[in-house]
Amino acid sequence: MITKDELINTTLDAIIDTHETYLEWSGNEWLWNAPEYLLTVKIAEKIANIDKNKFVTLEDNVEKTLHSSNAKGTGRVPSKIRANGRFDIVVWWAKGDPRAIIEVKHRVYKFANIEEDVNRICETLNRKSSESSIRCGLIAFYMNSVYKNDAVNKIDKQINNFFQQTKNIVSKKGLCVEPYYERYSENDKDVYASVVFSIRH
């Protein structure tokens, strides 16, 4: 079984790998120039390559995922879950039940870029939580910025700001969130980061 740390670290590594891959493909364009699905596919691929029993699906139907996880229940599904939409990535237990959902973003410059996904994951985790097989949700995203100086410190502050706003929403839903990130800058002016916020009960 994939551990939570393996899932998070693999996702973080995949974001950096995708940035480096796109640099090579494009002649030094950064990942924000690429389509978002490239990042989604690369994260799914790296998780799928972990040599442990699991399944990984892409763009999976939300209503089907809720049904498979025993979280569908009766009554109206909250609008923030967007039941007629799709989860970017679903990681399944080997026995065939959804275990984790991952929402992916590759141009994150303000909290509003991830706010809908934060709400969606919270509502999904709280849907019939005592019976649901879904154990966690990850917001996985790529950030980049250009500053005149002190880039690493400034992007750290920006990530922490996004985390605090995420925590405000998550805690009101009775859930927990943990931040994980890696950032890189050669000149302390141009900086990019891979970030995962892990939400769970």
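Everything here concerns the structure above.
This report concerns the structure included in the present document.

## A look at the sheet that holds strand β6 (residues 190-200)
Thought 1: Ordered in space as β1-β2-β3-β4-β6-β5, the six strands form an open sheet in which the pairing is mixed. Looking at the sheet topology across the chains shown, the edges are occupied by β1 (55-61) and β5 (176-184). Strand after strand, the sheet turns through a mean of 25° between neighbouring axes, direction not considered.
Thought 2: Its contacts with the sheet put helix α1 (residues 4-26) on β2 (86-92), β3 (98-105), β4 (136-146), β5 and β6, and the angle it makes with β6 is roughly 155°.

## Considerations on the state of the cysteines
Thought 1: One pass over the structure, following the stated rule, counts zero disulfides.
Thought 2: This cysteine, Cys136, is not joined by any disulfide, and Cys176 carries the nearest cysteine sulfur, 12 Å off.
Thought 3: Given the relative accessible area of 7%, Cys136 is considered buried.
Thought 4: Note on Cys176: no disulfide assigned, nearest cysteine sulfur contributed by Cys122 at a separation of 11 Å.
Thought 5: A relative accessible area of 36% places Cys176 in the partly exposed class.

## Comments concerning α1
Thought 1: Here α1 contains 23 residues, and its C-alpha end-to-end distance of 33 Å stays within 8% of the 33 Å for a straight helix at 1.5 Å per residue.
Thought 2: Of all the residues in α1, the buried ones are Leu7, Ile8, Thr10, Thr11, Leu12, Ala14, Ile15, Ile16, Thr18, His19 and Tyr22.
Thought 3: Trailing α1 by a residue or two, Gly27 shows a phi angle of about 75°, which is positive.

## Here's the deal with the side chain of Asn144
Thought 1: Tracing the sequence through the fold places Asn144 in strand β4.
Thought 2: A polar atom in the side chain of Asn144 sits 3.4 Å from the side chain of Tyr109.
Thought 3: Not counting residues within four places of it along the chain, the set of residues in contact with Asn144 comprises Trp30, Trp32, Tyr109, Val191 and Tyr192.

## A look at unusual backbone geometry
Thought 1: In the Ramachandran plot, Asn28 falls in the positive-phi region, its phi being about 85° despite a non-glycine side chain.
Thought 2: One can find Asn28 in the loop between α1 and α2 (36-48).

## Overview of a nonpolar patch on the surface
Thought 1: A cluster of nonpolar side chains, namely Tyr37, Val41 and Leu58, defines an oily patch on the protein surface of about 310 Å² accessible area.
Thought 2: In this structure, Tyr37 sits in helix α2.

## Overview of the layout of surface pockets
Thought 1: The calculated volume of the largest pocket comes to roughly 180 Å³.
Thought 2: Surrounding the largest pocket, His19, Leu23, Trp30, Tyr184, Ser185, Glu186, Asn187, Asp190 and Tyr192 form its lining.
Thought 3: For the lining of the largest pocket, the elements supplying multiple residues, two or more each, are α1 and β6.
Thought 4: For the lining of the largest pocket, the class distribution of residues is four nonpolar, three polar and two charged.

What counts and how
- Residues numbered from 1 in each chain as written.
- Predicted model: local features only at pLDDT ≥ 70, side-chain atom pairs only at ≥ 80, totals over all residues.
- Heavy atoms only, no water.
- Pairing = 2+ DSSP bridges.
- Helix = DSSP H or I, 4+ residues; strand = E, 2+ residues; numbered from the N terminus.
- Axes fitted to C-alpha atoms, helices over the stretch in contact; angles between N-to-C directions.
- Contact = heavy atoms within 4.5 Å.
- Disulfide = S-S within 2.5 Å.
- Buried < 20%, exposed > 50% of the residue type's maximum accessible area, 1.4 Å probe, protein only.
- Expected span 1.5 Å × (residues − 1).
- Polar contact = N/O pair within 3.5 Å; in protein donor to acceptor, adjacent residues only side chain to side chain.
- Patch = residues over 30% accessible without salt bridge, like charges linked within 9 Å, V, L, I, M, F, W, Y side chains within 5 Å.
- Areas by Shrake-Rupley, 256 points an atom, 1.4 Å probe, with all protein chains shown as cover.
- Salt bridge = Lys/Arg side-chain N within 4 Å of Asp/Glu carboxyl O.
- 1 Å grid on protein atoms, 1.4 Å probe; cavity = no way out; pocket = protein on both sides within 12 Å on 5 of 7 lines; lining within 4 Å.
- Points joined across faces, edges and corners; volume = space filled by probe spheres on them.
- Nonpolar A, V, L, I, M, F, W, Y, C, P; charged D, E, K, R; others polar.

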